[in-house]
Amino acid sequence: MTGMSDFKALKYYLINYNKIVCVSNDIKKQVLTLLPELDRKVCVFYNIIDQENIINKAKLKLGFKDKTFRGKRILSIGRLDVPKGFDAVVPIIKRLVDEGYNLRWYIIGEGSLRTKLETLINHFNMENNIILLGQKVNPYPYLQQCDYYFQPSKHEGYGIAVAEARAFCKPILATDFAGAKEQLKNRETGLIVRWDEEDIYYGLKELLDNGSLSDKFINNLKRNELTTDKIKDKIKELLED
């Protein structure tokens, strides 16, 4: 799809649809800011997560190969491109490692930013601390085995990987992209920070330092049910309308 700046040019086509579905309320607000005349057509359905299926996939004997590592594993999933913000995090991880934190940051995904990321990793001598895992057909064993999930996106519609991390009840740090606050309650089920290097640094540092906060997120996520069935019911109602 085109970016939001080009969205208005699609008006001629959009007015002919019965319904226009957005993946978050934040995206809906952006759409209606550009095209308020679509108000009665626009609705919100969150991405559906098959929690039982992904948890079963996580049980396969896969995942991290560095079994002897005894530090903290931070996992991110996403395309290796600029909107995901991975390149800006490399010096932050370097800073934490230099301060004595025993951690490894793993990224699942491929994309045009790989070469730049590899260069940055080499420049900061972070080859043992930042691991590019590439594309994975089944990322769920990694989600199950990691200590924290981290989404440093500059832009995101909803954040499907965040929803999957919630399904595994992982302590999550996310930047304040569209939809983040619809998935996480800040300081109750995860940490949400501004997309700012200092804010990201202090967010990661707090997760690593504050075990009781991570335990709080885990316990609260265990009590929160994903809204998959409700979303399915809404889609059924929409189709029957």
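Residues numbered from 1 in each chain as written. Predicted model: local features only at pLDDT ≥ 70, side-chain atom pairs only at ≥ 80, totals over all residues. Heavy atoms only, no water.

A. Structural view of unusual backbone geometry. Residues other than glycine seldom take positive phi values, yet Asn125 does so here, at roughly 55°. For Asn125, the position within the fold is in the loop between helix 5 (114–123) and strand 5 (130–134). In this structure Asn125 comes out as exposed when scored by relative accessible area, which is 54%. Backbone geometry places Arg187, a non-glycine residue, at a positive phi of 70°. In this structure, Arg187 sits in the loop between helix 8 (180–183) and strand 8 (191–193). Overall, the relative accessible area of 36% leaves Arg187 in the partly exposed class. (Helix = DSSP H or I, 4+ residues; strand = E, 2+ residues; numbered from the N terminus. Buried < 20%, exposed > 50% of the residue type's maximum accessible area, 1.4 Å probe, protein only.)

B. Representation of helix 2 (residues 25–34) within the structure. Of the positions making up helix 2, those classed as buried are Ile27, Val31 and Leu32. Along the axis of helix 2, the buried residues cluster in a sector spanning 130°; they form a single face. Residues of helix 2 that are exposed and point more than 90 degrees away from the buried face comprise Lys29 and Thr33. Of the surrounding elements, those touching the buried residues of helix 2 are strand 1 (20–22) and strand 2 (42–44). (Arc of directions from axis to C-beta. Contact = heavy atoms within 4.5 Å.)

C. Local environment of the environment of Gln135. For Gln135, the location among the structural elements is in the loop between strand 5 and helix 6 (140–145). Residues Gln135 and Ala178 lie 43 residues apart in sequence; the distance between their C-alpha atoms is 24 Å. With sequence-adjacent residues up to four places away left out, Gln135 is seen in contact with Gly109 and Glu110.

D. Spatial organisation of the sheet that holds strand 6 (residues 148–151). One open sheet holds the 6 strands; their spatial order is 5-4-3-6-7-8, and the pairing between them is parallel. With one partner strand each, in any of the chains shown, strand 5 and strand 8 form the two edges of the open sheet. Looking at each pair of strands side by side, their axes are set apart by 20° on average, direction ignored. In terms of strand pairing, strand 6 meets strand 7 (residues 172–175) through 3 bridges, oriented parallel. (Pairing = 2+ DSSP bridges. Axes fitted to C-alpha atoms, helices over the stretch in contact; angles between N-to-C directions.)

E. Looking closely at the packing of aromatic side chains. Under the defined criterion, the tally for this structure stands at 8 aromatic pairs. Each ring, one from Tyr201 and one from Tyr202, has its centre 4.8 Å from the other, and the planes form 70°; the classification is edge-to-face. A relative accessible area of 3% places Tyr201 in the buried class. On the basis of relative accessible area, Tyr202 is assigned to the partly exposed category, the value being 48%. A connected cluster of aromatic rings, assembled from ring pairs, spans Phe64, Tyr106 and Tyr142. The aromatic ring of Phe64 is capped on one face by Arg73, whose charged end is 4.6 Å from the ring centroid. (Phe/Tyr/Trp six-rings, centres within 6.5 Å; stacked < 30°, edge-to-face > 60°. Lys NZ or Arg CZ within 6 Å of the ring centre and 35° of its normal.)

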